Amino acid sequence: MLSVSKLSFAYEGGAQVLDDVSFDLKEGEIVSLLGPSGCGKSTILRLIAGLIVPQSGSMKWKDGTTPETGFVFQDAALMPWATVTENIHLPLKLRGQELAEGHLNRLLAYVGLSGLETRFPQALSGGQQMRVSIARALAADATLLLMDEPFGALDEILRFRMNDLMLKLKAEQGWSGLFVTHSIYEAVYLSDRILVMDTGRIAGEVTPGLDRSLEAQDQRSSQAFLDAARQVGALLEAGSMENA
Ligand SMILES: Nc1ncnc2c1ncn2[C@@H]1O[C@H](COP(=O)(O)OP(=O)(O)OP(=O)(O)O)[C@@H](O)[C@H]1O
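What this report covers is the structure whose coordinates are included nearby. The model shown is predicted, which means the values in this text are computed figures rather than measured ones. (Residues numbered from 1 in each chain as written. Predicted model: local features only at pLDDT ≥ 70, side-chain atom pairs only at ≥ 80, totals over all residues.)

The next subject is the nonpolar core. Core analysis: the largest hydrophobic core is formed by 59 residues, its most contacted members being L34, A135, L145, V188, I194, V196 and V232. Per-element tally for this core: the top contributor is helix α4 (residues 126-138), with six residues. No fewer than three residues from each of domain 1 (6-67 + 143-243) and domain 2 (78-142) sit in this core. Those residues in contact with V188, other than ones at most four positions away along the chain, are I194, P208, F225, A228, A229 and V232. (Core = buried A, V, L, I, M, F, W, Y, C linked by C-beta atoms within 7 Å. Buried ≥ 20, exposed ≤ 12 C-beta atoms within 10 Å, placed from the backbone. Helix = DSSP H or I, 4+ residues; strand = E, 2+ residues; numbered from the N terminus. Domains from an automatic or database assignment. Contact = placed C-beta atoms within 7 Å.)

Structural data, given as structure tokens:
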């Protein structure tokens, strides 16, 4: 779906943030970017979203066309004056498009928000707000989701539930995702591949290869899970030793 090659980037007047970053994202894959604070994870998402432009390197989309992209951020970033339905609708409305009622209802059911259509964000829990944010990202039939620590502010139980929801949605809808997280366990559970970053570069790649036919609990306690977590930990540790 996307081939990123030798991407280098520095913010204006600042030091080099990314140095020669290359990776691929295949269709239907969730790839996580994991690494220490300030290593450049969000910058990669911003480059892919086209919000900033690299000084060198290339990003090539399959067939040469940018896919329909949805964004999910750490803060659900909902409009406080708009209901659940209106918030989900908003990005499409801004583009002059309507969301068919059947599609809206399906999305609400997917993310478990049926019955809360007329609620305002302040009357929703953190997890419910995040689910509105996910439904909003999916409303335009996104084929790529760019997610920047979407569950960082949630407690662990809710985070597990949201991780399961993402896997269910991905299995049903087939989008691809680039996912920034600080959590090794979340990355291992959610990802087809994990790109472990060091300052401005990709230090290594881990492929968890979990057996998705197992129950969530069994996946999380499987040998494959533990091995992947250990590999990610070792790559992070090696990076931090190098920078010490
Ligand atoms: N708008 C900006 N102008 C100048 N420097 C910036 C800007 N945004 C980020 N940076 C710097 O670029 C580097 C990478 O930032 P980035 O947000 O990509 O890191 P990150 O890995 O996502 O960090 P975190 O995990 O803390 O969110 C950091 O040193 C940061 O201070």
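Picking up where we left off.
Okay, helix α5 (residues 156-173) next. Along an α-helix, residues three or four apart share an orientation, since each turn contains 3.6 residues. Its 18 residues place the ends of α5 25 Å apart at the C-alpha level, agreeing with the 26 Å of an ideal helix rising 1.5 Å per residue. Among the residues making up α5, those that are buried are R159, M162, N163 and M166. The buried side chains of α5 occupy one side of the element, clustering within an arc of 105° when seen end-on. Along α5, exposed side chains directed more than 90 degrees from the buried face belong to I157, K168, A171 and E172. Buried residues along α5 sit in contact with α4 and α6 (184-190). (Expected span 1.5 Å × (residues − 1). Arc of directions from axis to C-beta.)

Taken together, the residues surrounding the ligand are Y11, G14, V17, S37, G38, C39, G40, K41, S42 and T43. When residues in the shell around the ligand are grouped by element, the largest group, three residues, is from helix α1 (residues 41-48). (Near = placed C-beta within 6 Å.)

In this section: the environment of E172. Tracing the sequence through the fold places E172 in helix α5. The spatial distance from the C-alpha of E172 to the C-alpha of W61 is 23 Å, given a sequence separation of 111 residues.

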